[in-house]
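# Chains, contacts and geometry: an overview
Read off the chains here:
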Amino acid sequence: MIQLFHVSKYYDRRLALADVTLEIEKGEFVLLMGASGAGKSTLLKLLIGAERPEEGQILVQGRSLSKLRPSEIPVLRRKIGVVLQDFRLLPKKTVFDNVSLPLLVQGASTVEIRRKVTDALRSVGLDHKKDLFPPGLSTGEQQRICIARAIVNGPIMLLADEPTGNLDPELTSEIIELFKSINARGTTIIVATHDPNVLAQVNRRVIILDQGKVVSREQVCP
Ligand code: ADP
Ligand code: ADP
């Protein structure tokens, strides 16, 4: 699904990722760990084509990202759901409208939007809150809405950058369980985190970055 070959990324002259080679298979649930500044976010940005590496090759579904035409980047992004630490929900739009945004951008029909948004909200257990506004929801619910928005397109993979950064251990568990159920339906999941609570709960492969280098890639258990 994802292959990186000798990928290096610099910001000015500062090395953010150094000669990273790794492979992530379809259906995997991978944790990307490492201290702040280790390069986790940079790696996720490379995967969605938001940044380009100075060196190396990145393949997603066998296609080299460096060979994508600019018009193909949105097509790539549509296949990838993204969840961030700060939710970036629109406060003056309803839950339904927030989740429907990626579909609106693509010009989906009203019928398709209703069906997909309803499915996504059911997946996160919040269909009954569709007419509320984000500020009226709890923190955990807001993150679940973000996850609904990220999966509304039926992405092949879901990337999450510190998705539990603002959540207590109990809500962190809820979010991880939700990722597990999305993963069980076939979506590849990559979660960047330095949260030991997440590690304790996700008994899967862990890729550890340190100062831009992969220092360990443990196969914990399949
Ligand atoms: P992490 O997500 O593990 O905290 P990042 O990928 O955000 O790490 O950062 C890796 C390194 O790259 C850090 O030294 C960071 O300061 C630097 N960096 C990240 N983004 C930028 C940027 N847009 N401009 C300059 N330096 C950056
Ligand atoms: P994270 O640790 O999740 O990467 P940050 O707060 O470090 O989040 O980064 C927030 C934003 O600032 C990101 O877009 C990142 O690329 C950018 N950034 C990070 N480090 C630097 C830096 N040293 N100089 C400029 N921009 C940076």
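Each value, and the rule that gives it
- Residues numbered from 1 in each chain as written.
- Chains lettered and ligands numbered in written order.
- Predicted model: local features only at pLDDT ≥ 70, side-chain atom pairs only at ≥ 80, totals over all residues.
- Heavy atoms only, no water.
- UniProt positions renumbered as here; feature names shortened; annotations may be inferred.
- Near = heavy atom within 4 Å.
- Polar contact = N/O pair within 3.5 Å; in protein donor to acceptor, adjacent residues only side chain to side chain.
- Areas by Shrake-Rupley, 256 points an atom, 1.4 Å probe, with all protein chains shown as cover.
- Helix = DSSP H or I, 4+ residues; strand = E, 2+ residues; numbered from the N terminus.
- Nonpolar A, V, L, I, M, F, W, Y, C, P; charged D, E, K, R; others polar.
- Expected span 1.5 Å × (residues − 1).
- Buried < 20%, exposed > 50% of the residue type's maximum accessible area, 1.4 Å probe, protein only.
- Arc of directions from axis to C-beta.
- Contact = heavy atoms within 4.5 Å.
- Salt bridge = Lys/Arg side-chain N within 4 Å of Asp/Glu carboxyl O.
- Phe/Tyr/Trp six-rings, centres within 6.5 Å; stacked < 30°, edge-to-face > 60°.
- Lys NZ or Arg CZ within 6 Å of the ring centre and 35° of its normal.

The name given to the chain in an unreviewed UniProt entry is Cell division ATP-binding protein FtsE, and the organism recorded there is Nitrospira defluvii. Its UniProt record, at the heading Subunit (unreviewed entry), says of the chain: "Homodimer. Forms a membrane-associated complex with FtsX." Per UniProt, the chain has the following entry under Function (unreviewed entry): "Part of the ABC transporter FtsEX involved in cellular division. Important for assembly or stability of the septal ring."

Here we take up the site of ligand 1. Taken together, Tyr11, Arg14, Ala16, Ala35, Ser36, Gly37, Ala38, Gly39, Lys40, Ser41 and Thr42 make up the full set of residues near ligand 1. One nitrogen or oxygen atom from the main chain of Gly37 is found 2.6 Å from an oxygen atom belonging to ligand 1. Here an oxygen atom of ligand 1 sits 2.5 Å away from a polar atom, N or O, in the side chain of Thr42. Contact with the protein chains removes 66% of the 560 Å² of surface that ligand 1 exposes when unbound. Here the shell around ligand 1 gets 3 residues from one element, more than from any other, and that element is helix H1 (residues 40-47). When grouped by side-chain class, the residues that make up the shell around ligand 1 number 4 nonpolar, 5 polar and 2 charged.

Turning next to helix H6 (residues 169-184). In a regular helix each residue adds 1.5 Å, so 16 residues correspond to 22 Å; H6 covers 22 Å between its end C-alpha atoms and thus fits that length. Taken as a whole, H6 has its buried residues at Thr172, Ile175, Ile176, Leu178, Phe179, Ile182 and Asn183. Buried positions in H6, seen along its axis, are confined to an arc of 155° and lie on one side of it. The outward face of H6, more than 90 degrees from its buried face, is lined by the exposed residues Glu170 and Ala184. Those residues of H6 hidden inside the fold are in contact with strand S3 (29-33), helix H4 (110-123), helix H5 (139-151), strand S7 (157-161), strand S8 (188-193) and helix H7 (196-201). The backbone nitrogen of Glu170 has a side-chain oxygen 3.1 Å away, supplied by the residue at the start of H6, namely Asp168. Of the residues one or two after H6, Gly186 is the one with positive phi, at around 110°.

Enumeration according to the criterion identifies 12 salt bridges in this entry. The shortest N-O distance in the salt bridge between Lys9 and Glu54 comes to 3.7 Å. Of this pair, Lys9 sits in strand S1 (residues 2-11) while Glu54 sits in the loop between H1 and strand S4 (55-60); the two residues are 45 residues apart in sequence, bridging distant segments of the chain. Residue Glu54 is classed as partly exposed on the basis of its relative accessible area of 45%. Where Lys116 meets Glu112, a salt bridge forms, and the shortest distance between an N and an O atom there is 2.9 Å. Here the residue Lys116 and the residue Glu112 both occupy positions in helix H4, the gap between them amounting to 4 residues, near one helical turn. Three or more residues joined by partner-sharing salt bridges are found here, namely Lys9, Glu51 and Glu54.

Let us look at the site of ligand 2. Neighbouring ligand 2 are the residues Ser41, Lys45 and Asp161. Side-chain polar atom of Ser41 to an oxygen atom of ligand 2: 2.7 Å apart, as the coordinates give it. Within the side chain of Lys45, a nitrogen or oxygen atom sits 2.5 Å from an oxygen atom of ligand 2. Within the complex, the protein chains bury 25% of what would otherwise be the 540 Å² of accessible surface of ligand 2.

Under the criterion given, the structure shown has 0 aromatic pairs. Here Lys9 stacks its cationic end above the ring of Tyr11, 5.2 Å away from the centre of that ring.

Once that is clear, we can look at the environment of Val95. Here Val95 is to be found in helix H3 (residues 95-105). Relative accessible area serves as the criterion here: at 0%, Val95 is assigned to the buried category. If we ignore the near neighbours within four places in the chain, the residues touching Val95 are Leu121, Lys129, Lys130, Leu132, Leu137 and Ile145.

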